[in-house]
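A look at the structure
Read off the chains here:
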Amino acid sequence: MAVETSTAGLDAAAIRADFPVLAEQVHERPLVYLDNAATSQKPRAVIEALQTYYETYNANIHRGLHALSERATAEYEAARAGVARFINARHAHEVIFTRGTTEAINLVARGWGDENVGEGDEILLTEMEHHSNLVPWQMLAKRRGAALRYIPMDVDGRIDLEGYARQFGPRTRLVTITQMSNVLGTITPAAEVVRVAHEHGVPVLLDAAQSIPHLPVDVQALDADFVAFSGHKMLGPTGIGVLYGRESLLDAMEPLLGGGSMIRVVELHRSSWTGLPDKLEGGTPNIAGAIGLGAAVEYLAAVGMPGVARHEHNLTEYALAQLSDLEGVRVFGPMDAEDRGGVISFYVGDIHPHDVGTLLDADGIAVRAGHHCAQPLMRKLGVPATVRASMYLYNTADEVDCLVGGIARAKAFFA
Ligand code: C6P
């Protein structure tokens, strides 16, 4: 084995023991889970947080005066505070719980976009955006008569920063960009993107669905205005995510959902809204999900995000070297592990990615094959789909070896 699996104090073997599903067999083989960009596995601490909520203090929040409701409210708000600490938000109320990244971006497109983007205005984004950071802006552009403009970038997802800086004009209203591509793994220069946008007085939304689970992210250091991410990709449950927003922007935003919890006074013909964060969380939220996400960020913080990032970096470097040694395998995205995270898309000879994925599955190896909700990027790459392996803190170099072995068998099968 050419790479250490325990780096910077991160003990992958001990970590694996915290994830019950990793001991499963698939098709009578040990599970090799390399589909973390789609969703991550859950540690016992998260599963137990959900179980404890449902078994001992299940109640609605912010409503009842009874003990269970008070405890549920306290745990829900503690989860918000935990997430705020994890991303270094200035205030807990800058963390708005949503269903996930998709809802968080749609909340900005509606609640901020409808108020601030008008006829002839422009939104800057890239061709590598996930559909969740593309379709809501197309919908906004259609509603408001605005236009989308694409930041120049190469096929590896490297942004042309000079070209980007030249795109700003009097009608530029927003930059919305992924912090890490879910296909190429490319890490975008978010701080620089924000700096240039702010020089022009333009706010920036970062789609951090693939970055916050894997890298230390400090929203104050980045000076980002909005940051969207999903709990399920960072060891938390599905159905919970976050919109971080700068307080002044969230304060000025209109709610997406009208209903319970978000009002101050309701009259027959008008209502007024309460303050942050409740204003933007109408209805009964995903209480258990938020508490589970709170447990997830506590787990990640205890492991330490710099260690998680270093571990994945080492695995990525190892995997890139192994894959590029395989004849006929074309890897997409930067070949330098410094510029990317542990999401690796590839094509094997002329075998359709779905066939490769199916053969890997027969070996117990879980990867994703498809367009990864990034059809414009697939067009730019000139392929209909890719096979994608994506790592997390519990993956090991042995598992990379299994992947490489599986690809070699797939090649032999179709030879
Ligand atoms: N990407 C993938 O396999 P949701 O579905 O709301 O939790 O996240 C949407 C989303 C937004 N942005 C990026 C960069 C993403 O990667 C995703 C989710 C998964 O690549 C599922 S399609």
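This text goes with the structure placed above it.
Quantities reported herein were computed from a predicted structural model and do not represent experimental measurements.

Moving on: the site of the ligand. Around the ligand, a shell composed of 17 residues is seen, among which Thr102, Asp207, Gln210, Ser230 and Arg368 lie nearest. In this structure, Thr101 approaches the ligand through a main-chain N or O atom, which is 3.4 Å from an oxygen atom. In the model, an oxygen atom of the ligand is placed 2.7 Å from a nitrogen or oxygen of the His232 side chain. Partitioning the shell around the ligand into residue classes produces 4 nonpolar, 9 polar and 4 charged.

Here we come to the pairing of strand E12 (residues 241-245). Judged by how many residues are buried, E12 sits mostly within the fold: 5 of 5 residues are covered. In E12, alternate side chains face the same way, and those of Gly241, Leu243 and Gly245 on one face and Val242 and Tyr244 on the other are all buried. For strand E6 (residues 95-98) and E12, the ladder comprises 4 bridges, and the chain directions are antiparallel. Counterpart to Thr98 in the pairing with E12 is Gly241. Alignment of strand E11 (residues 226-230) against E12, held across 5 bridges, turns out to be antiparallel. From the neighbouring strand, Phe226 faces E12, where its bridge partner is Gly245.

Moving on, we get to a nonpolar patch on the surface. A surface patch of nonpolar side chains, amounting to about 250 Å² of accessible area, comprises Ile263, Val266 and Trp273. Looking at Ile263, the relative accessible area reads 31%, which means it is partly exposed.

This part covers the packing of helix H4 (residues 101-116) against helix H5 (residues 135-144). Two numbers describe how H4 lies on H5: the axes approach to 9 Å, and their chain directions differ by 20°. Regarding the angle of H4 to H5, the classification is roughly parallel. Seen from above, H4 lies across H5 with right-handed handedness. Of H5, the residues touching H4 (which contributes Ile105, Asn106, Val108, Ala109, Arg110, Gly113 and Asp114) are Pro136, Trp137, Leu140, Arg143 and Arg144. Tallied by class, residues from the contact of H4 with H5 come to 6 nonpolar, 2 polar and 4 charged.

So, on to the sheet that holds strand E19 (residues 386-390). The antiparallel open sheet is built from 4 strands, whose spatial order is E15-E16-E19-E18. Here the strands that pair on one side only, and so sit at the sheet edges, are strand E15 (329-331) and strand E18 (368-370). For this sheet, the mean angle separating the axes of adjacent strands, direction not counted, is 30°. Where strand E16 (residues 343-348) meets E19, 4 bridges bridge the pair, whose relative direction is antiparallel. Note that in E19 the partner of Phe346 across the bridge is Val387. Strands E15 and E16 of the sheet are contacted by helix H11 (residues 305-324), whose axis makes an angle of about 10° with E16.

Turning next to the pattern of salt bridges. Tallied over the entire structure, the rule returns 21 salt bridges. Across the salt bridge formed by Asp121 and Arg171, the nearest N and O atoms sit 2.9 Å from each other. Residue Asp121 is located in the loop between H4 and strand E7 (122-125), and its partner Arg171 is located in the loop between helix H6 (161-166) and strand E9 (172-178); the two are separated by 50 residues in the primary sequence. Judged by relative accessible area, which is 4%, Asp121 ranks as buried.

Definitions and cut-offs
Residues numbered from 1 in each chain as written. Predicted model: local features only at pLDDT ≥ 70, side-chain atom pairs only at ≥ 80, totals over all residues. Heavy atoms only, no water. Near = heavy atom within 4 Å. Polar contact = N/O pair within 3.5 Å; in protein donor to acceptor, adjacent residues only side chain to side chain. Nonpolar A, V, L, I, M, F, W, Y, C, P; charged D, E, K, R; others polar. Buried < 20%, exposed > 50% of the residue type's maximum accessible area, 1.4 Å probe, protein only. Helix = DSSP H or I, 4+ residues; strand = E, 2+ residues; numbered from the N terminus. Pairing = 2+ DSSP bridges. Patch = residues over 30% accessible without salt bridge, like charges linked within 9 Å, V, L, I, M, F, W, Y side chains within 5 Å. Areas by Shrake-Rupley, 256 points an atom, 1.4 Å probe, with all protein chains shown as cover. Salt bridge = Lys/Arg side-chain N within 4 Å of Asp/Glu carboxyl O. Axes fitted to C-alpha atoms, helices over the stretch in contact; angles between N-to-C directions. Parallel < 35°, antiparallel > 145°, perpendicular 65-115°, else oblique. Left-handed = near helix turned anticlockwise from the far one by under 90°. Contact = heavy atoms within 4.5 Å.

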